[in-house]
Amino acid sequence: MMLSSPSVARRRLGFDAAARAALALFVATLTLMIGGDAARAQAPAAPGGAAASEDLPTIHITPSGSDLFRLALPKAVGDNESGAALDTETRDLDISGIFHLLDPGSFPAELQNEGMGFSSALWSQVGAQGVAKMKVGRTAGGAATIEGALYVIGRGEGPVLSRIYKGSDLHDAVSQFANDVVGYFTGQPGIFGSRIAVALTGKNREILTIDMDGSHTQAVTRMGSDCLLPAFSPGGGEIAFTSYLRGNPDLWIISAAGGRARRVSKQPGLNTGAAWTPSGGSIALTMSYEGNAEIYRISASEGVIQTKLTINPAIDSSPSYSPDGSQIAFVSNRQGSPQIFVMPSSGGAGNAKRVTFQGKYNQTPRWNPRADKPLIAFTGRDERGVFDIFILDMRTGKIDRVTQGKGSNQDPTWSPDGRLLAYASSRGGLFIANPETHHEVQIWRGGGSSPSWGPAPTRH
Amino acid sequence: MPPEKKRRAPRRNFAGLLITLALHGAVLFAVRAAHSKTDEPLEIPRDFVVARLVKLGKPREKFWLPRITQPPRPTAPPKVIKLSDDPNAPKAPVEAPRPDNPQISKDLRRALDRARKLEQLIPTEPEEGQLTGSAAGTATEASAGDAYATAIFDAVRKNFTPPEGLITDAQLARLTTTVKIRVGDDGAILENKLLKSSGNSFFDDACVSAILATHKVPPPPAAARRLAARGYALEFAGKDLK
């Protein structure tokens, strides 16, 4: 017992040392593991996850081509009007020129019958980047309603836009939804529901207005004589035009709803090419009562001559105001061939500046209504003798082409939001093109010339 | 005595416990060390270089109005597939052999014949590359890792078209978005996570929807499976040139 005591003590000492060493080793191991874990956990949480992406092998991918936003428009849910609603929706969104509308024939049955729900995985399989859905209904009073929903792939399974639209008719309700769909992508409300005035070129040369999607044509004048060059007032309430009713090309103004026209300017010779000032109080036009065609400004109410804007032995015509009303673009052949010039809206003999230096025959300038985009659309004749639509960027002086290789295209007019151009074509009727994407749609098949696009529809 | 014995026993057990703990710790450490070794990154694929040639022709007169030169937008493939040519179509007439020019001397004709025969002996060189290569490829050879990265590149790129009209060309040149994907052994894309936004939501959406539309890439070869499961960073750029 006594012998065992020191040995026990020694053994205890040995045990203690071993235990301490083992404990230290264990703690060290734990520290290492926890420390390592913490370091590992911290690495991906580094700012912006940059460290995580850097340590993954990178594959660089560039676009395989350019395409518009691929939008699917499945069948509308609802009663027998759902087909008409889908037709209007398809037409409107096609005209906007920013969508590649997918062929509904490529949608499998499970997507056609999906209702108002949405599965991003399934829709992305048919190549869609977004889906616009509609449900047609009626209020208790019988007014048409559209429940519209827009889904975008990459934005989750919920709609990015969902609203119920009440309209005066089905077309109106669908147009409101189409305006909101375009608004989601452009940041500006769409302009569906706005109207375009056009001079008929057939037997009855009267002024007509058309909905911008080609529907709802309405005869405005019943002059029984040649009417041409219509111009919508900035508020959209009136249309100025030139008519030969009294034998001379006089300037007349009529309510956009029709009715009785009043003769505003009856100077001997030309009273043509009216351009309203942005405030709507005055009109710039070409007159030739002094012998040579010059541009004048008259009051819109009485036709009183306010100023003579150009003084030049050449022909000056076709004025168009800049959106702030400070400048006028016009056509002059003062340097030989017809070219586009710009002058301050106060006019003056030496103040005009030539702005087009390409092509031998440029005419009908139209200033973009957007103040942030100083662009002038015009008709130009290219070296093959064909008229086409071009756009001049006033900041850079660069000219872009809008139409090419498809008949002869003339007389551009900007949409009220400045994103689209309508023009007359030798292919027949009116076309609308998006100058940025070059997407073109024929909106009307009748024979017409010099379209004038009215203001955006007012919504409450 | 017995109480002393009782006091000693738990002490000995405590030391045993400590040794056990230390041994466990050592085993855990060894396991972790063994695992961390396999974490080393694999061979990282190199960048792809895309070259584009300038069209040959007469330069346009500066005075003329511009012409649109951009390539046409992709259109839907035709619905009718042409299986074969019309069997009833008339055959193209065979051109009759022209008589030799008697003005040319015998020696000259013989020399020309010999030259023609020699020309025919030269084998035409087939285009070099890989049977599984990419149409956008710029090299004739690739390592196994690169070949699979190219397969992913091809599959995703096909669906990547940033929306024209919503993003201007000038904006497009500055946009890059990085998305992480992980690929399963069957080629299914398991994860699709935005790592770095371009700042333009339309461009980001176009990148994510390109991956969603791709849905599945070719299954990775055995050598690339670990890398594929760990993930790739897909860096989408708006324009070819940096």
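Note that the structure is a prediction, hence the values are computed from the model and not measured.

## Thoughts on the overall build of chain B
Item 1. A count of helical and extended segments in chain B gives 6 helices and 3 strands.
Item 2. Element order for chain B, N to C, with α for helix and β for strand: α-α-α-α-β-β-α-α-β.
Item 3. The buried share among the 242 residues of chain B stands at 21%.
Item 4. Taking the intrachain contacts of chain B between residues at least 6 apart in sequence as the baseline, contacts between residues at least 24 apart amount to 69%.

## Quick look at the nonpolar core
Item 1. If you look at the biggest cluster of nonpolar residues, it comprises 138 residues, and the most contacted ones within it are Leu71(A), Ile239(A), Ala240(A), Ile283(A), Leu421(A) and Leu234(B).
Item 2. Here the element with the most residues in this core is helix 5 (residues 201-214) of chain B; it accounts for 8 residues.
Item 3. Inspection of this core shows a minimum of three residues originating in each of domain 1 (69-186) and domain 2 (195-453) of chain A.
Item 4. Those residues in contact with Leu234(B), other than ones at most four positions away along the chain, are Ile59(A), Ile61(A), Val156(B), Thr178(B), Val179(B) and Ile181(B).

## Examining the sheet that holds strand 21 (residues 353-354) of chain A
Residues and elements named next belong to chain A.
Item 1. If you trace the 4 strands from one edge of the open sheet to the other, you get 18-19-20-21, paired in antiparallel fashion. Each edge of the sheet is formed by a strand with only one pairing partner; in this case those strands are strand 18 (316-321) and strand 21.
Item 2. Alignment of strand 19 (residues 327-332) against strand 20 (residues 339-344), held across 6 bridges, turns out to be antiparallel. Residue pairing for strand 20: Ala-329 is matched across the bridge by Val-342.

## With respect to the sheet that holds strand 7 (residues 195-200) of chain A
Across a sheet, paired strands are connected by hydrogen bonds in the backbone, their directions being either parallel or antiparallel.
Residues and elements named next belong to chain A.
Item 1. Reading across the sheet, the 4 strands line up as 9-8-7-30 and stay open at both edges, with antiparallel pairing between neighbours. Pairing within the sheet leaves two strands with one partner each, and these edge strands are strand 9 (218-219) and strand 30 (448-453).
Item 2. The pairing of strand 7 with strand 8 (residues 207-211) spans 5 bridges and is classified as antiparallel. In the sheet register, Ile-196 faces strand 8, and the bridge partner there is Ile-210.

## Quick word on the domain arrangement of chain A
Residue and element names in this part refer to chain A.
Item 1. The domain architecture assigned to chain A consists of domain 1 (69-186) and domain 2 (195-453).
Item 2. Each of domain 1 and domain 2 was reduced to a C-alpha centroid, and the two centroids are 36 Å apart.
Item 3. Each partner contributes residues to the interface: domain 1 has 8 residues there, and domain 2 has 11 residues.
Item 4. When residues of the side of domain 1 that touches domain 2 are traced back to their parent elements, those giving at least two are helix 3 (82-95) and helix 6 (170-186).

## With respect to the confidence of the model for chain A
Item 1. Of all residues in chain A, 88% attain a pLDDT of 70 or more, and the chain-wide mean is 87.
Item 2. Counting contacts from residues 36-53 of chain A, a segment whose pLDDT is below 50, to residues more than four positions away or on other chains yields 13 contacts.

## What about helix 6 of chain A?
Residues and elements named next belong to chain A.
Item 1. Taking 1.5 Å of rise per residue, 17 residues should cover 24 Å, and helix 6 covers 24 Å from first to last C-alpha, within 8% of that figure.
Item 2. Of all 17 residues in helix 6, 12 are buried, a share of seventy percent or more.
Item 3. Among the residues of helix 6, His-171, Asp-172, Ala-173, Val-174, Ser-175, Gln-176, Phe-177, Ala-178, Asn-179, Val-181, Val-182 and Phe-185 are the ones counted as buried.
Item 4. Of the surrounding elements, those touching the buried residues of helix 6 are strand 2 (69-72), helix 3, strand 4 (130-138), strand 5 (144-152) and strand 6 (161-166).
Item 5. Gly-187 sits one or two positions beyond helix 6 and adopts a positive phi of about 80°.

## Digging into the environment of Ser255(A)
Residues and elements named next belong to chain A.
Item 1. Note on placement: Ser-255 falls in strand 12 (residues 250-255).
Item 2. Measuring from C-alpha to C-alpha, the distance between Ser-255 and Gly-235 comes to 11 Å, with 20 residues separating the pair along the chain.
Item 3. Ser-255 has contacts with Gly-237 and Glu-238, leaving out every residue within four places of it along the chain.

Parameters and conventions
- Residues numbered from 1 in each chain as written.
- Chains lettered and ligands numbered in written order.
- Predicted model: local features only at pLDDT ≥ 70, side-chain atom pairs only at ≥ 80, totals over all residues.
- Helix = DSSP H or I, 4+ residues; strand = E, 2+ residues; numbered from the N terminus.
- Buried ≥ 20, exposed ≤ 12 C-beta atoms within 10 Å, placed from the backbone.
- Contact = placed C-beta atoms within 7 Å.
- Core = buried A, V, L, I, M, F, W, Y, C linked by C-beta atoms within 7 Å.
- Domains from an automatic or database assignment.
- Pairing = 2+ DSSP bridges.
- pLDDT = per-residue confidence, 0-100.
- Expected span 1.5 Å × (residues − 1).

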